[in-house]
Amino acid sequence: MEPRARTKKRSRALIVLALVALGVYALDQISKYLVVASMTEGSVIRVLNDVLQLHFVRNPGAAFSLASGSTWIFSIIAAAVVVFIIWFARRIRSLAWGLVFGLLLGGVLGNLTDRLLREPGFGLGHVIDFISTPWMLPAIYNVADMAIVTSMAIFMILTIRGIGVDGNKVVAESKKTASTLKQTDAVTPETPTTAPTAAAPAETPTTEPRP
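About the criteria used
Residues numbered from 1 in each chain as written. Predicted model: local features only at pLDDT ≥ 70, side-chain atom pairs only at ≥ 80, totals over all residues. Heavy atoms only, no water. Pairing = 2+ DSSP bridges. Helix = DSSP H or I, 4+ residues; strand = E, 2+ residues; numbered from the N terminus. Phe/Tyr/Trp six-rings, centres within 6.5 Å; stacked < 30°, edge-to-face > 60°. Buried < 20%, exposed > 50% of the residue type's maximum accessible area, 1.4 Å probe, protein only. Salt bridge = Lys/Arg side-chain N within 4 Å of Asp/Glu carboxyl O.

Student: Explain the pairing of strand 2 (residues 52–59) here, please?
Tutor: Along any regular strand the residues' side chains alternate between the sheet's two faces. In this sheet, strand 2 lies alongside strand 1 (residues 44–48) in antiparallel orientation, the contact comprising 4 bridges. Its bridge partner lying in strand 2, Val44 is registered against His55. Here strand 2 pairs with strand 3 (residues 127–132) via 5 bridges, running antiparallel. Considered in strand 3, the bridge of Gln53 is made with Ser132.

Quick look at the structure:
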């Protein structure tokens, strides 16, 4: 692939990554602001009975209210993920992978902002969770959590299909090796190196002349 084409693909992938990350982050923070401003902690609003509910809680743990009490650990992990995505982004030339990392970056930044800026303190802030779907998950989550899980689902699909970050289909090394071995081990018929020798002519009896 020509350098210009690769640069163009990378630019498109980075634009998708940035726009998706910005959109997820904005939607996450706006929705959390509205929940905090209009609901009291612990209150529940039934939007669609037991299908969809708004349940305002403050989560000191990870996504879906897991591992409460380890907020500072998740703050460090989230910061490391953000740094990794920014560093790795220059390698992405696929729009699909740009979508994956955009969803992941926006989701991680959304929850990291809560941990850094909300009570009880810097790095220990509680994440605002408010989405509840009792029929599907016994957990309360937010827009950032949804984006992170969606990015992981798309990541698995792309990996199973063998699509690399450059957008090309990745061929398994085992298949390459097997193909090479088949070509190397192909048996070709042997050709004789020496021509067969002709049979010696049979000796003819000689007769002596009679006197």
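Student: Help me understand the sheet that holds strand 1, please; the structure alone is not making it clear to me.
Tutor: Backbone-to-backbone hydrogen bonds join strands into a sheet, with any given pair of strands oriented parallel or antiparallel. Spatially, the 4 strands line up as an open sheet ordered 1-2-3-4, and their pairing is antiparallel. Sheet topology places strand 1 and strand 4 (140–141) at the edges, where each strand pairs with a single neighbour.

Student: Please explain the packing of aromatic side chains as it appears in this structure.
Tutor: Each aromatic ring pair is described using two quantities: the centre-to-centre distance and the angle formed by the ring planes. In total, this model carries 6 aromatic pairs according to the counting rule given. Between Phe84 and Phe88 the ring centres are 5.4 Å apart and the planes differ by 15 degrees, which places this aromatic pair in the stacked class. Note that Phe84 and Phe88 are positioned in helix 2 (residues 71–88) at a spacing of 4 residues, about one turn of the helix. The buried category is assigned to Phe88, whose relative accessible area is 14%. A centroid spacing of 6.1 Å and a plane angle of 35 degrees characterise the contact between Trp97 and Phe101, whose relative ring orientation is tilted. A residue pair is termed a helical-turn pair when its members lie 3 or 4 positions apart in one helix, as Trp97 and Phe101 do in helix 3 (residues 95–117) at 4 residues. We classify Trp97 as buried; its relative accessible area is 5%.

Student: What is the right way to look at the pattern of salt bridges in this model?
Tutor: In this structure the tally under the stated criterion is 5 salt bridges. Where Asp28 meets Lys32, a salt bridge forms, and the shortest distance between an N and an O atom there is 2.9 Å. With Asp28 and Lys32 both in helix 1 (residues 3–38) and 4 residues apart, the pair spans about one turn of that helix. A salt bridge links Arg46 to Asp50, with the shortest nitrogen-to-oxygen separation between them at 2.8 Å. Since its relative accessible area comes to 46%, Asp50 is described here as partly exposed. If you follow the salt bridges from partner to partner, you end up with Asp28, Lys32, Asp114 and Arg118 in one network.

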